[in-house]
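Listed here are the chains, written in short residue letters.
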Amino acid sequence: METKEKPAQLPLRQPADQVQIVYYTDPLCCWSWAFEPQWRRLRYEFGTQIGWRYCMGGLIADWQTYQDPMHVVSRPFQMGPVWMEARYVSGMPMQDRVWLNDPPASSYPACIAVKCACLQSQEAEEYYLRALREALMLEGRNIARHEVLMEVAAKIAHETPQRLDMQRFEEDMHSGSGQAAFRHDLQQVRYHRIGRFPTLTLQKLSQPGVIFTGYRPYAVLLDAISRVAPELKAVQHASDAETYARHWGSVTE
């Protein structure tokens, strides 16, 4: 009989006595993009009181096997209305016509590229994932294309070389290192039976955790934090738009 072995857990990047968050997501996920303001606000307001890491979900392996019964999507052009709904619900801008003009064939290449950035640092991963999402959602670029993935990386490396080493990024893309890191994430997704994105798990060491799935307002995220660590308080508030925008570098209205 085949046994289901638990995949090795990569270490989180903050002390163990803080709230630890695993964020299951995918660069092609419109609801993850819709959730960006809430996710960014949480990290801004609570700062180093939380530790977190991304786990790439592999939303679309290919269109021959992809099925989303909830939204009745099995073909690229059917994804457009889902993005329109996400844009309407969240207010986040989305170039839904990419699914007519140049539909991504898979989210795997983008997931692998994000893991290549992650192999350098969490900061590199964060900036690269955000840049990929902006290229897709704001510019309507097909992030399944290798040339787009490399152009996004090259732009970051040129503007802020301390964040991303382009030579190492290219090496990890071609050597299989990024693919191996992505396989590990897929094992985590399948082991924990994560079927929708975004999904977040929140936990303190040796204590019960909470999980929530899908696009949610900020109050739900705060409630999840309070259930895991009721003693945690915000260290600053996102009340000044100019300061907040300067903190992130690029923001949407």
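Keep in mind the model is a prediction, meaning the values are calculated, not measured.

Peer 1: Just to check I follow, could you spell out helix α8 (residues 166-175) for this structure?
Peer 2: Every buried residue of α8 is listed here: Met166, Phe169, Asp172 and Met173. The buried side chains of α8 occupy one side of the element, clustering within an arc of 125° when seen end-on. Along α8, the residues that are exposed and aim more than 90 degrees away from the buried face are Gln167, His174 and Ser175. Check the buried side of α8 and you find it contacts α5 (108-118), α6 (122-137), α7 (146-159) and α9 (177-191).

Peer 1: Which parts of the structure should I look at to understand the layout of surface pockets?
Peer 2: The probe, sized like a water molecule, is rolled over the atoms to show the empty space still left. Its volume calculated, the largest pocket comes out at about 630 Å³. As for the largest pocket, its lining consists of 29 residues, of which Leu59, Tyr66, Gly195, Arg196 and Phe197 are closest to the centre. Of all elements in the fold, only α1 (30-34), α3 (79-90) and α9 reach the threshold of two or more residues within the lining of the largest pocket. Tallied by class, the residues present in the lining of the largest pocket amount to 18 nonpolar, seven polar and four charged.

Peer 1: Can you help me understand α7 in this one?
Peer 2: Working note: α-helix, 3.6 residues per turn, so residues spaced by three or four point in the same direction. For α7, built from 14 residues, the straight-helix expectation of 20 Å at 1.5 Å per residue is met to within 8% by its first-to-last C-alpha distance of 20 Å. Among the residues of α7, Val148, Leu149, Met150, Val152, Ala153, Ile156 and Ala157 are the ones counted as buried. Those residues of α7 that are buried are in contact with α5, α6 and α8.

Peer 1: Looking at this structure, I do not really get the nonpolar core. What am I missing?
Peer 2: For soluble globular proteins, nonpolar side chains are generally found buried alongside one another. Of all hydrophobic cores here, the largest spans 75 residues; its most connected members are Tyr128, Phe169 and Leu202. No other element matches the eight residues that α6 contributes to this core. Setting aside its immediate chain neighbours within four residues, phenylalanine 169 contacts Ala113, Cys116, Ala117, Gln120, Tyr128, Leu149, Met150, Ala153 and Leu164.

What counts, and at which threshold
Residues numbered from 1 in each chain as written. Predicted model: local features only at pLDDT ≥ 70, side-chain atom pairs only at ≥ 80, totals over all residues. Heavy atoms only, no water. Buried < 20%, exposed > 50% of the residue type's maximum accessible area, 1.4 Å probe, protein only. Helix = DSSP H or I, 4+ residues; strand = E, 2+ residues; numbered from the N terminus. Arc of directions from axis to C-beta. Contact = heavy atoms within 4.5 Å. 1 Å grid on protein atoms, 1.4 Å probe; cavity = no way out; pocket = protein on both sides within 12 Å on 5 of 7 lines; lining within 4 Å. Points joined across faces, edges and corners; volume = space filled by probe spheres on them. Nonpolar A, V, L, I, M, F, W, Y, C, P; charged D, E, K, R; others polar. Expected span 1.5 Å × (residues − 1). Core = buried A, V, L, I, M, F, W, Y, C linked by side-chain atoms within 4.5 Å.

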